[in-house]
Each structure stands twice: as C-alpha cells, then as structure tokens.
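One letter stands for each residue in the lines below.
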Amino acid sequence: MDQVMKKHEELGQTQAQPASGELTCSVHFVNPGSSSEDELGSVTKLVSKAEDLELEHVFKRQSADIAKNRSLFEFGHNFEDVRDWMSIEQPTKIPFKSVLRYMVENHLKTTVKIEINKMYFNCHLIVLQAYSKYFMELNPIPLVVTLPEEKVSQKAFMLVYKWMLSDKPSLERKNIIPVFVAATYLRVKDLLFHCWKYFDDRNCFNEASACVMYVESKNNLALDVVRNLMLTRIQKFLLTFVATSDFLEVPLKHLVYLLSSNEICVNSEVEILFIIVRWLGHDWQRRKSNVQSLINCIRFPSMPLWYLLCVRRVETHNLVRELLNSSNVDALINQSISQITSKMYEQKQEGFILDYDSITKNLQQSRCWIVDEACPYYHHICCPHTRDIDFKRFESYLTTLQQQPPDYWSKVELLDIKNPRKCKCMQ
C-alpha cells in the first residue's frame, strides 16, 4: 500500500490537481475531430465538474460556423444558474467507505480466486494488493491464483486475509508460526512486523516457551532467524531441554551456537561434555565427524581440577572414554590442569592446597552457574568429590528432570559467584 500511495503521489505531480477537497473522475477523452498531427487524438484528465466533459474544453478545435437559426442558449438564456439551488436540503447517502467495506467484508463481487490444495477462497484482489507485495507484483493477474500449501496453508491464508480486513488485528499464539511463514512467502511487511512484536517480547517467548517455539519451527528456512533468536533465550531451561528427545534432533550449527553461549546455565562445565556425548551418541556414525566442532565449545579450564585429574582413569562410558583418549582432548585436559595449578601457584599457595576463592574467581567470566538440589553429583568446584562425576550419574539426573513439574527449572537457584555455597562435603 505504501508503494501504491507513493506512485500515486508521483503521478499527481504531472497531472492537473482538482480544487481542494473536490472528488474527481479519471476520464479518457477521444477527439473525434482530430485530422492533423498538431491536434491531440486522446488524453486522460481528472475531471471535477460536469461541464468540463465538453470536448471544446479539452481539445483545441476550430469553431464551427454560426448557424443563422440560434438556440435559446445562444441567445444568452442560462437555465443552469438557479437561485437558492444549493440551499435546498440534500438527501443523505451511505458513505462510500461504508459501502465498500460492506462489499469487501461480505465478499460481494469478488475479483480473484485463491486456490490452495483444491480449496478456493473468493477474494478481492485490491485487498491482497494493498498489503502483499507478492500480489502487487503479480503480472499478468489470472482469475485463479494457486499458492503452494507448504508455504501458505489453507488455514494460514484465511488468517492472513482476515488480518488484512481487520482494523485492529490480533494474532493467536497457536497460529503465529504458519502465519509468519505465509506472510514471508506473500511478503506482507506489516504482518511480519506484527509477528516480530511477539518474537522480540521476552514475556511471550523466554526459556521454556522459547524452547517450544524453537522445536515447533524446526525444518523451516523461513523461521531460521527466529530459531536462532529463541536459542538465545534458553538459559536455566537448558538441562531440561537436553533431557528430551527433541534435543537429539538439534542441528549441529544450532548446538554449537547454544553451547558457546555464556548465558546457558549448568551445574558444572563437565555437563557440557556430557551434553555433547548425548548428542553424538544418538547417531555416532553420522555425527562423529563433528567431534572437533563440539569439543571447541567445552571450556576445560572451568572444570573442577579434581575431575580433570581423575576422569581419564575413572570414567567407564565408552564414548566418553573415546573422546577423552583422543590426542586433542588429552592435550586440552593437560593444558587446563597446568593452567589451573599455575594460577594457584601464583596465589602463593604452598604445596597442592586448593584455594576456594582463587579458583571460584576464574568462573566469573564463564557460564551462568546453577545449584540444583536434584543433581546427584553437585559439588563445589573445589570439592575433591568432583572426581566422582561420571556420565552414568548425568543420565540419572536427566531422568530425574523428566519427572519434575513443568516449571521446575524456574525454581532452580543461580550460584552467587561472590559468595558461592559450599557443598555438604565441605561444611
């Protein structure tokens, strides 16, 4: 519609403008007396007065010979100027916009049929063109326009058309995905903006609701940007999501994006390793080539020192052991041990004594940390019992999360880095 109005204004600059406030008709005049190249053959003008329809006012023509027998008008009698003519009370009529709205809303004299999988919608083309760039640029315009159902479903088209007809449209949560996909294909700019008002609102999509939106919108390229946005909203809900079967189908690039975030919440950096193992193990033969991309997401220096020292000896899960024994991961573990112990030495520690404050301080720029009472392996990062963390306990924890109420994730506490809570082993 913006383009239509702009084009109208541009055309208006080259056409004679009617008197302010007057309605006009667009009239195409044909000069029946055109006999030379100097005379106009036809012209289109905006006309506001009936007398302007006379060809003599439009075309420059030679005056005919004055007949000897003159008419009353030629004698000068003018019956058009009647005194008090305009003072007579004029009868009212239904406003044009009301008539037009009635016709459109009641689907009278529709001008185009929209076919979607053998279902036909009777529509007014001008309504579709007013909002949809797809229909505005459609040329030539057929009597029946067929739309692909995978892009514009029957239900989605009905909702989009109703949105066009409404002065105060609203969108229901359950329909926003098919409507957004249809609006993308039909290039309905205002409707896309309407959808994004919901997507951008964290009250509408955050944590669990954002994760649900992410799962609902999978395998649809039109929603790829929306899916990426929803991933950034998953924080405390991460481990609950990992416990579901939906997580196992997450594409590699989305998993890398998610696990590289500073905003995701975990009890320990070790869980990032276990999350990767769970995803890889679902289809190891196809996914084993992605190991290096995922290993880069793990922040080994944020793992407990006791775990790094003991994991290669105590872990029993085959896939975890295979990853840990790879030369790349083995080097990263050794490098992390060296980095942690060097920092401890720099803090002027004597011998191999773990300092809670110095080690905890290193976590401040890493993840968001939680303290989940349901986690069977939760220990303070400096607790020696972190060496007992293994993949089997992680799987048990995921089973526990599956049995919790839907809002359980929201009640899990965040760890206060400045005043970290020690585990029971250290009290």
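Here, every reference points to the structure presented above.
In this text, all values refer to a predicted model and were calculated from it rather than measured experimentally. (Residues numbered from 1 in each chain as written. Predicted model: local features only at pLDDT ≥ 70, side-chain atom pairs only at ≥ 80, totals over all residues. Heavy atoms only, no water.)

1. Focus on a negative patch on the surface
Together, E51, E54, E80 and D81 give the surface a local cluster of negative charge. In this fold, E54 is placed in the loop between β2 (42-47) and α2 (55-58). (Patch = residues over 30% accessible without salt bridge, like charges linked within 9 Å, V, L, I, M, F, W, Y side chains within 5 Å. Areas by Shrake-Rupley, 256 points an atom, 1.4 Å probe, with all protein chains shown as cover. Salt bridge = Lys/Arg side-chain N within 4 Å of Asp/Glu carboxyl O. Lys, Arg positive; Asp, Glu negative; His and termini not counted. Charge placed at Lys NZ, Arg CZ, Asp CG, Glu CD. Helix = DSSP H or I, 4+ residues; strand = E, 2+ residues; numbered from the N terminus.)

2. Points about the sheet that holds strand β5 (residues 144-146)
One open sheet accounts for three strands, arranged β4-β3-β5; its pairing is mixed. Every interior strand has two partners, whereas the edge strands, β4 (119-123) and β5, have only one. On average, each strand axis in the sheet is inclined to that of its neighbour by 25°, with strand direction left out of account. The strands touched by helix α7 (residues 154-165) within the sheet are β3 (112-116) and β4, with β4 carrying the most contacts at an inclination of about 10°. (Pairing = 2+ DSSP bridges. Axes fitted to C-alpha atoms, helices over the stretch in contact; angles between N-to-C directions. Contact = heavy atoms within 4.5 Å.)

3. Digging into the pairing of β4
Sheet analysis places β3 next to β4, joined by five bridges and oriented antiparallel. From the neighbouring strand, I116 faces β4, where its bridge partner is M119. Hairpin connection between β3 and β4: a loop of two residues separates the two successive antiparallel strands, and N117 in this loop has a positive phi of roughly 50°.

4. Brief notes about the environment of V226
Counting through the fold element by element, V226 comes out in helix α11 (residues 224-232). For V226, a relative accessible area of 0% translates into the label buried. It is 10.0 Å that separates the C-alpha atoms of V226 and I177, two residues lying 49 residues apart in sequence. For V226, the residues in contact, after removing those within four places along its chain, are F180, W196, F199 and M213. (Buried < 20%, exposed > 50% of the residue type's maximum accessible area, 1.4 Å probe, protein only.)

5. So, α7
The end-to-end C-alpha distance of α7 is 17 Å, a good match for the 16 Å that 12 residues give at a rise of 1.5 Å each. Buried residues of α7: Q154, A156, F157, V160, Y161, W163, M164 and L165, and no others. Those residues of α7 that are buried are in contact with α4 (96-105), β3, β4, α5 (125-131), α8 (176-186) and α9 (189-199). (Expected span 1.5 Å × (residues − 1).)

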